[in-house]
Amino acid sequence: MKKLLFYFILALLISPSFGQVVEQVVENPVETDIQVLLTDTVSEKQTTLGKTIDSIPTVQIKEIFSISKIFWATVFFLIAYFIIRFIGKSIETWSEKNAERRIRGKAILPVVKIVSWLIISYIIIRGIFQPPVESLIAFGASVGVAVGFAAQDVLKNIFGGFVILIDRPFKVGDKIEVGDVYGEVLDMSLRSTRIHTPDDSVVTLPNGDLLNQPISNSNSGESNCQVVAEIFLPITIDTEKVRKIAIEAAHTSKFVYLAKPIVVLFFNEIKHEKLCYKMRLKAYVMDIRYEFQFKSEMNETVMSELLSSGIIDSRISI
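Residues numbered from 1 in each chain as written. Predicted model: local features only at pLDDT ≥ 70, side-chain atom pairs only at ≥ 80, totals over all residues. Heavy atoms only, no water.

(A) Representation of the overall build of the protein. When helices and strands are counted, the protein shows 11 helices and 8 strands. Within the protein, counting contacts between residues at least 6 apart in sequence, those at least 24 apart form 62% of the total. Accessible surface, the protein as shown: approximately 21000 Å² in total, 62% of it carbon and sulfur. (Helix = DSSP H or I, 4+ residues; strand = E, 2+ residues; numbered from the N terminus. Contact = heavy atoms within 4.5 Å. Areas by Shrake-Rupley, 256 points an atom, 1.4 Å probe, with all protein chains shown as cover.)

This is how it looks when you write it as C-alpha cells:
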C-alpha cells in the first residue's frame, strides 16, 4: 500500500502539466488565484444574464398598439379631457363668488389637473395597452434617455412645477413679484406660471426660471393684503394733521380691511432737487384685487382734504 502511494505521488511530480501548474503558482500565486476567481465570476454572470434574457417574453409591437386599442385610448383621452376641462371651469366659476372662495378654489385647481392626468395616463397605459412590465421599463428607460437630451429645458420646467407644488412659495390667486414682473397668479401648470399684471397683461414665466429668482408674496394665501400709498409733500407741512387726515381717509374707504392696523409714516426725500416728505399710508384691503383702486382713492382723497383745509397750497410745487 505504501509503495502504491509512493508511485502515485512520483507520477504526479514527473507529469509535465502538473509541473507547469506548480511553476506558475510558485512564480505568481496571487495572480493565479485572482484569475481563476474572475473567470468563474464572469462565467457565472454570463450564465445568469443569458437565463434572464431568455426568460423575458418577446412581445410583438402590433399586440400592444393594435388599432382597436389605439381607438379606445383616443376615445378615453377625449372624454377625460372634456371632463377635466369641465371640472376646471366649475371650480373657477365657484371660486369667483368671493375672495375667500377664489383663494381656496384656485389653489387646488393645479393639483386637481395634474393628479387627474396622471391617473388617466396610468389607466390608458395599464388598462388599455397593457404592455408587459419588462417592456414598459425598457421603453421608459430608452425614452427617458432620449427625452433627457432633447428636452432638457422642458424637463427642468416640469421639475420646477413639482417643486413649486410641494414647497408652495405661492398659490393661484396670490399677488407675487418675480424680478420686474408683479401681478396676480392666474394659472399654474407643470411647465409654466401665468401672472396677470396691473396693466392688464398676462405674463407667462417658465417654472424653471422661478426656482432661480427671489419671489415676493403679498398675501400668502389670504384674501387681504397690505397696500402702500405714497404721497410727496412739502417739508413745511404739519405731519400730525396730515397723519390724522390720512388715517380718516383710509377708515372711510369701502375697500379697507379694518381688522388690521392702518399706519402713516414720513420719510425725508430729495425730489426735483428739493427736500420734501414722502408720506407712506399703509393699510389692508379686503380683496387683493382692490389694491390699485384703494391706492388711487387714497391719493385723491388725501390730497383733496389737504388742499381744502389749506395745509398745502396748490401753487406750491415739489
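Additional details are given in the paragraphs that follow.
(B) Summary view of the sheet that holds strand S2 (residues 181-188). Across the sheet, 5 strands lie side by side as S4-S3-S2-S1-S5; this open sheet has antiparallel pairing. Here the strands that pair on one side only, and so sit at the sheet edges, are strand S4 (202-206) and strand S5 (215-217). For this sheet, the mean inter-axis angle between neighbouring strands, taken without regard to orientation, is 40°. Across 3 bridges, strand S1 (residues 175-178) lies against S5 in antiparallel orientation. Residue Ile176 lies in a different strand from S5, and its bridge partner there is Asn217. (Pairing = 2+ DSSP bridges. Axes fitted to C-alpha atoms, helices over the stretch in contact; angles between N-to-C directions.)

(C) Structural context of the sheet that holds strand S8 (residues 274-285). Read from one edge to the other, the open sheet built from 3 strands follows the order S6-S8-S7, with strand pairing classed as antiparallel. Since the sheet does not close on itself, it has two edges, and those belong to strand S6 (225-234) and strand S7 (263-271), each with one partner. Between one strand axis and the next, the sheet turns through 25° on average, direction left out of account. Across 9 bridges, the pairing between S7 and S8 is antiparallel.

(D) Focus on the pattern of salt bridges. Scanning all chains against the criterion turns up 7 salt bridges. Residue Glu184 is joined to Arg289 by a salt bridge in which the shortest nitrogen-to-oxygen separation is 3.2 Å. A residue pair is termed long-range when its members are at least 10 positions apart, and Glu184 in strand S2 and Arg289 in the loop between S8 and helix H11 (291-308) qualify at 105 residues. Judged by its relative accessible area of 4%, Glu184 falls in the buried class. Close ionic contact of Lys278 with Glu269 constitutes a salt bridge, the shortest N to O distance being 3.5 Å. (Salt bridge = Lys/Arg side-chain N within 4 Å of Asp/Glu carboxyl O. Buried < 20%, exposed > 50% of the residue type's maximum accessible area, 1.4 Å probe, protein only.)

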